[in-house]
Amino acid sequence: MLFAMGEPRVVDRLLAIAGTDAPDVAESKLRSFRRLILLVLACESWHALGYIPYSSRAGLYGGAAAALTICALLGWRDRFAWPALAAAGLLELSIVVSVVPENANHQFLSLVFLALLLLVGRPGERGGSDSLDVACLQAVRLIIALGIGWAGIMKLRYGYFFGAEFLSFRIATDPEFAWVFGAFVPDAEMARLVGLENRVGEGPFRVQAPILIAISNATWLAEILLPFGLLWSRTRGAAMMASIGLFVAIQLGAREVFFAGLMVGGLLLYSRRDRLAAFVPALGLFYVFWLLRSEWTGWLGLGANS
C-alpha cells in the first residue's frame, strides 16, 4: 500500500499534488481509463498494418491486432478486466520489442499505464483497496502533466520553435500542416516553403511571419506552464480545458490521433467527475471513421496520416 498509518509517506504527498478523488469516483475513472487504453491499442494496431515494419509481417501483426481487439472487448467488463489488461500488456510489449527502434513514444507510455492498472488488481475481488485506486489515478494524472511539461522542455532545448523552424519545415513537407498554418504565412513565403524539398542543401526552413512565430513560441510555453495549472486545485479545471484545446489545435496538423486520444482522455481524469466515460464511446466511433478513411485513401493511393 502506498498509504501508511499516521503521517503520509513522501510518495503519498507527491501523488496528492495531482488531486484527490472520492474512492467511488476514482474507481469509475480508472474503469473508463482502462477502456480507453485498450481501445487505443486495438485501433492503432489495425492502423499500423499499413506502415513499415508492420506491413512486412502483416499476418503476424494482424493476428496481434485481432487479439488486442478481443482484449478491448473483454476488458470493457470488470469481470474480465485484469486478464484483458494482462494479455494486452504482453501483446503490446511484444510488439514494441519486435519493432525497436521504430516505436512511438506513447507505446511506452501505454505500457506504463497498463502496469499501473494491473497493480490495482481485479475489480470487485481486491477488498479494501480504495486508497490504491486513488493512488493509481493520481499517478496517471501526474504522468500526464509531466509528459506535457517534458514536451515543452524538449521544444525549448532543441530550439526549433523560436523562429518557427519546425513549423516551417512541416509546412514545406506535409500538406496537412500547409493547410492548417498556411493562412498565417504570406503567399510569397508560402510558395517558397512549399517549393522546397527535404534534402541536403535545401532551405532555409524559416519564415518571417509574426503570427506563425508567435504560435510556435506559444506552443512550447503553454506546454511548460499548463502542467503547473493542472497541479494547482484553483486552476485545475481551466488548465485541463486549455490543455485539451492545445492538443486539439496541434493535432489539426499532426494528425497523431491515437496519441492525442490517449492524452486527451488522460487530461479528462483531472475533471471532478468521470467525464472520460462519455468520451471513450465517442472516441471509438471516431476511430472507426478514421480507420475506414485510412483504408479508403490507401485504396485510392492517396496515403493517410497516423
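### What to know about the nonpolar core
No. 1: Counting residues in hydrophobic clusters, the biggest one holds 66 residues, and the most contacted among them are F33, L36, I37, F113, L230, L267 and Y287.
No. 2: A per-element tally of this core places helix 2 (residues 23-47) first, with eleven residues.
No. 3: Beyond its immediate sequence surroundings of up to four residues, F113 is in contact with F33, I37, V140, I143, I144 and L262.
No. 4: If you look at the next biggest cluster of nonpolar residues, it comprises 17 residues, including A164, F177, F181 and F205.

### Some points on the side chain of S110
No. 1: By the secondary structure assignment, S110 is in helix 5 (residues 105-120).
No. 2: Residues in contact with S110, not counting those within four places in the same chain, are L41 and L262.

### Description of the packing of aromatic side chains
No. 1: Evaluated as defined, the whole model comprises nine aromatic pairs.
No. 2: Both rings, one in F258 and one in Y287, keep their centres 4.8 Å apart while their planes meet at 40°; by these two values the pair is tilted. With F258 in helix 12 (residues 257-268) and Y287 in helix 13 (residues 276-300), this residue pair connects regions lying 29 residues apart in the sequence.
No. 3: Here F286 and W290 contribute two aromatic rings whose centre-to-centre distance is 5.7 Å and whose plane-to-plane angle is 35°, an arrangement assigned as tilted. Taken together, the residues F286 and W290, both in helix 13 and four residues apart, mark about one turn of the helix.

### Topic: unusual backbone geometry
No. 1: Residues I52 and P53 are joined by a peptide bond in cis, for which omega reads 10°.
No. 2: Position of P53 relative to the elements: it lies in the loop between helix 2 and helix 3 (58-74).
No. 3: Note the cis peptide between V100 and P101, where omega equals 5°.
No. 4: Its place among the elements puts P101 in the loop between helix 4 (81-99) and helix 5.
No. 5: Even without a glycine there, the phi angle at A164 is positive, about 60°.
No. 6: Take A164: it is sitting in the loop between helix 6 (130-158) and helix 7 (165-173).
No. 7: Of note, R255 is a non-glycine position whose phi angle comes to about 60°, a positive value.
No. 8: Note on placement: R255 falls in the loop between helix 11 (236-254) and helix 12.

### Digging into the pattern of salt bridges
No. 1: Inspection of every chain in the model, using the stated rule, returns nine salt bridges.
No. 2: For the salt bridge of R255 with E176, the shortest nitrogen-to-oxygen distance reads 2.9 Å. Placement of R255 in the loop between helix 11 and helix 12 and of E176 in helix 8 (residues 175-181) is noted, with a sequence separation of 79 residues between them.
No. 3: Each of E27, R31, R34 and D78 takes part in one network of salt bridges that share partners.

### Observations regarding the packing of helix 11 against helix 12
No. 1: Between helix 11 and helix 12, whose axes approach to 10 Å, the crossing angle comes to 175°. Comparing their axes, helix 12 and helix 11 come out roughly antiparallel. Of the residues in helix 12, those touching helix 11 at M240, S243, I244, F247 and Q251 are V257, F259, A260, M263, V264, L267 and L268.

### Considering the confidence of the model for the protein
No. 1: With 89% of its residues at a pLDDT of 70 or more, the protein shows a mean pLDDT of 87.
No. 2: Segment residues 1-7: pLDDT under 50, and 15 contacts once partners within four positions in sequence are set aside and those in other chains are kept.

Conventions we followed
Residues numbered from 1 in each chain as written. Predicted model: local features only at pLDDT ≥ 70, side-chain atom pairs only at ≥ 80, totals over all residues. Heavy atoms only, no water. Core = buried A, V, L, I, M, F, W, Y, C linked by side-chain atoms within 4.5 Å. Buried < 20%, exposed > 50% of the residue type's maximum accessible area, 1.4 Å probe, protein only. Helix = DSSP H or I, 4+ residues; strand = E, 2+ residues; numbered from the N terminus. Contact = heavy atoms within 4.5 Å. Phe/Tyr/Trp six-rings, centres within 6.5 Å; stacked < 30°, edge-to-face > 60°. Salt bridge = Lys/Arg side-chain N within 4 Å of Asp/Glu carboxyl O. Axes fitted to C-alpha atoms, helices over the stretch in contact; angles between N-to-C directions. Parallel < 35°, antiparallel > 145°, perpendicular 65-115°, else oblique. pLDDT = per-residue confidence, 0-100.

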